[in-house]
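Observations on the three-dimensional arrangement
Next come the chains, spelled out residue by residue.
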Amino acid sequence: MKHSAFVDRQHATMKNSSIRVEILPLTARNPGTAFLRQEIELNRKSERWLVLKGFIALVLVGILVTVRLVFFS
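Read on for an overview of the structure. (Residues numbered from 1 in each chain as written. Predicted model: local features only at pLDDT ≥ 70, side-chain atom pairs only at ≥ 80, totals over all residues. Heavy atoms only, no water.)

Okay, the overall build of the protein chain next. Within the protein chain, the secondary structure is distributed over 2 helices and 0 strands. Carbon and sulfur atoms form 65% of the exposed surface of the protein chain, whose accessible area is close to 6700 Å². (Helix = DSSP H or I, 4+ residues; strand = E, 2+ residues; numbered from the N terminus. Areas by Shrake-Rupley, 256 points an atom, 1.4 Å probe, with all protein chains shown as cover.)

Printed below as a string of structure tokens:
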């Protein structure tokens, strides 16, 4: 069995694993679909935090504008 086929099969079996396993890219030019799926999922999770941080920043700006209008006008 070729090495890349073995690694592909190994990556496919780890897909449903409940234990967090970091999948390494197969090669620099072709990292493999399992690695790309993992990377997309990690990016998606970090983007969810950006929405929350943006909302918090918007609330803080609103508070600052309100304080400025009430106390400094």
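Looking now at the pattern of salt bridges. Opposite charge on two side chains permits pairing when their charged atoms draw close. Here the structure, examined in full by the defined rule, presents 1 salt bridge. Across the pair Glu-41 and Arg-44 runs a salt bridge whose closest N-O atoms are separated by 3.0 Å. One end of the pair is Glu-41 and the other is Arg-44, both in helix H2 (residues 33–71) and 3 residues apart, which spans about a single turn. For Arg-44, a relative accessible area of 39% puts it in the partly exposed group. (Salt bridge = Lys/Arg side-chain N within 4 Å of Asp/Glu carboxyl O. Buried < 20%, exposed > 50% of the residue type's maximum accessible area, 1.4 Å probe, protein only.)

If you check H2, its first and last C-alpha atoms are 57 Å apart, about what 39 residues at 1.5 Å a residue would give, namely 57 Å. Ala-34, Phe-35 and Gln-38 are the residues of H2 that are buried. (Expected span 1.5 Å × (residues − 1).)

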